[in-house]
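This is what each chain is made of:
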Amino acid sequence: MVSHTNQGISHILQEGTKISFGLHEVFLKNLEACDDLKKKISSSFGPNGMNKLMLQKNGRILISSDTVSILNNLKFIHPASKILVFSALFQEQELGDNAGTVILLSTEILKQAYELLKSGFSTSEIIQNFEEAGRLTLKILNSLVVHRLINLKNLNLVKSVLFFCTKESDRNFNNHIAPQIAFICSRIFSTAFQKFSKENLRVIKIIGGSINETKTISGSVILKDTEGSVKNTRKAN
């Protein structure tokens, strides 16, 4: 006679693995993982935001309140938190900012979705309504536009937009750096794809000097001096 004990699948999984059953329980576990991530990030926001002390892979200690730095130095196991981290890093890669906002907003949306789920709404209904809310939000944002930069080849227009991004007291940026950034934007912007490519931009740092000596050129930068006596020439054959 062979005896059989109903152990499920827990005996074939890695020790410590937790199994959740039912839509509500699975959703709640996912929400808890995202909420834990949100708590780690939200404590770095605001005027009283706290820095995080992290031990990097190379053994060095990093102290930072930057969301991207925190995410890059933490190891995530839960699938839901991994998706949230990927979305935040993608936001940083595409727009250069607001990675933390993605995590905070997404977690709050998940919390509201869970309340709707407990109220009896189906997942398909919740998803459809959130998608409709997203489309409505885009329409509202477009209606709030006060200035639209259409011609990125116009240096004066690009400079005027850059001035809004800095403080009035930052004269070095407004008078020296902003015109050079505007020049870069006009040169590397792709009209066909309506986007910038950072692959067309290189930053060369030379030891010594100040920010006022920053210069933007079209072409290549060679840090070594010439081997011969000829230092420059025009229309060389």
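Note that the structure is predicted; figures quoted are calculated from it, not measured.

J.: Mind showing me how you'd approach the overall build of the protein here?
T.: Counting its secondary structure elements, the protein contains seven helices and two strands. Counting over 237 residues, the protein shows a buried share of 19%. Of the contacts formed within the protein by residues at least 6 apart in sequence, a portion of 45% connects residues at least 24 apart. In the structure as shown, the protein presents an accessible area of about 19300 Å², 56% of it carried by carbon and sulfur atoms.

J.: Help me understand the pattern of salt bridges, please; the structure alone is not making it clear to me.
T.: When the charged atoms of two side chains with opposite charge come close together, those side chains can pair. Using the criterion set out here, one finds six salt bridges in the structure. The shortest N-O distance in the salt bridge between K118 and E115 comes to 3.5 Å. Of the two residues, K118 and E115 both sit in helix α4 (residues 99-118), three residues apart, roughly one turn of that helix. Assessed through its relative accessible area of 47%, K118 is described here as partly exposed. We classify E115 as partly exposed; its relative accessible area is 41%. One salt bridge in this structure joins E132 and R135, with 2.9 Å as the shortest N-O distance. One end of the pair is E132 and the other is R135, both in helix α5 (residues 123-143) and three residues apart, which spans about a single turn. Taking the relative accessible area as the measure of exposure, E132 reaches 44% and is therefore partly exposed. Where salt bridges share partners, they join D35, K38, K39, E108 and K111 into one cluster.

J.: Which parts of the structure should I look at to understand the packing of aromatic side chains?
T.: The way to describe two aromatic rings as a pair is by their centre distance and the angle between their planes. Evaluation of the coordinates by the stated rule reveals one aromatic pair. For the pair F86 and F90, a centre-to-centre distance of 6.4 Å together with 20° between the ring planes defines the contact as stacked. On the criterion of helical spacing, the pair formed by F86 and F90 is a turn pair, its members being four residues apart in helix α3 (residues 79-95). F86 gets classed as exposed once you look at its relative accessible area, which sits at 59%.

J.: So what exactly am I meant to see when it comes to the layout of surface pockets here?
T.: Rolled over the atoms, a probe with the dimensions of a water molecule shows which regions are left empty. In this structure, the largest pocket occupies an estimated 1600 Å³ of space. Together, 37 residues line the largest pocket, and I184, L201, R202, V203 and T216 are the ones closest to its centre. When contributions to the lining of the largest pocket are tallied by element, the ones reaching two or more residues are α3 and α7 (171-188). With eight residues, α7 is the single largest residue contributor to the lining of the largest pocket. Looking at the lining of the largest pocket, its residues break down into 15 nonpolar, 13 polar and nine charged.

J.: It is not clear to me how the environment of F90 should be interpreted in this structure. Could you clarify?
T.: Residue F90 is classed as partly exposed on the basis of its relative accessible area of 44%. Placed twelve residues apart in sequence, F90 and V102 show a C-alpha to C-alpha distance of 9.9 Å.

J.: When you look at a nonpolar patch on the surface in this model, what are you seeing that I'm missing?
T.: Together, L105, I109, L116, F121 and F130 make up a nonpolar patch on the protein surface, roughly 420 Å² of accessible area in all. Ranked by residue count, the leading element in the nonpolar patch is α4, at three residues. Assignment of secondary structure puts L105 in helix α4. Note on L105: relative accessible area 51%, which makes it exposed.

J.: I tried to follow the pairing of strand β2 (residues 61-64) on my own but got confused; where do I start?
T.: Bridge count between strand β1 (residues 52-55) and β2: four bridges; the pairing is antiparallel. Looking across to β2, one finds that L53 is bridged to I63. Turn length for the β1-β2 hairpin, with the two strands adjacent in sequence and antiparallel, is five residues, and the turn residue G59 shows positive phi of about 90°.

J.: What should I look at first to understand the nonpolar core in this one?
T.: Where a protein is soluble and globular, its nonpolar side chains tend to be buried together. Among the nonpolar cores identified, the biggest contains 14 residues, and L37, I41, L71 and I103 are the most heavily contacted of them. Beyond its immediate stretch of four places on either side in the chain, L37 contacts L71, F76, S81, L84, V85 and I103.

Calculation notes
- Residues numbered from 1 in each chain as written.
- Predicted model: local features only at pLDDT ≥ 70, side-chain atom pairs only at ≥ 80, totals over all residues.
- Heavy atoms only, no water.
- Helix = DSSP H or I, 4+ residues; strand = E, 2+ residues; numbered from the N terminus.
- Buried < 20%, exposed > 50% of the residue type's maximum accessible area, 1.4 Å probe, protein only.
- Contact = heavy atoms within 4.5 Å.
- Areas by Shrake-Rupley, 256 points an atom, 1.4 Å probe, with all protein chains shown as cover.
- Salt bridge = Lys/Arg side-chain N within 4 Å of Asp/Glu carboxyl O.
- Phe/Tyr/Trp six-rings, centres within 6.5 Å; stacked < 30°, edge-to-face > 60°.
- 1 Å grid on protein atoms, 1.4 Å probe; cavity = no way out; pocket = protein on both sides within 12 Å on 5 of 7 lines; lining within 4 Å.
- Points joined across faces, edges and corners; volume = space filled by probe spheres on them.
- Nonpolar A, V, L, I, M, F, W, Y, C, P; charged D, E, K, R; others polar.
- Patch = residues over 30% accessible without salt bridge, like charges linked within 9 Å, V, L, I, M, F, W, Y side chains within 5 Å.
- Pairing = 2+ DSSP bridges.
- Core = buried A, V, L, I, M, F, W, Y, C linked by side-chain atoms within 4.5 Å.

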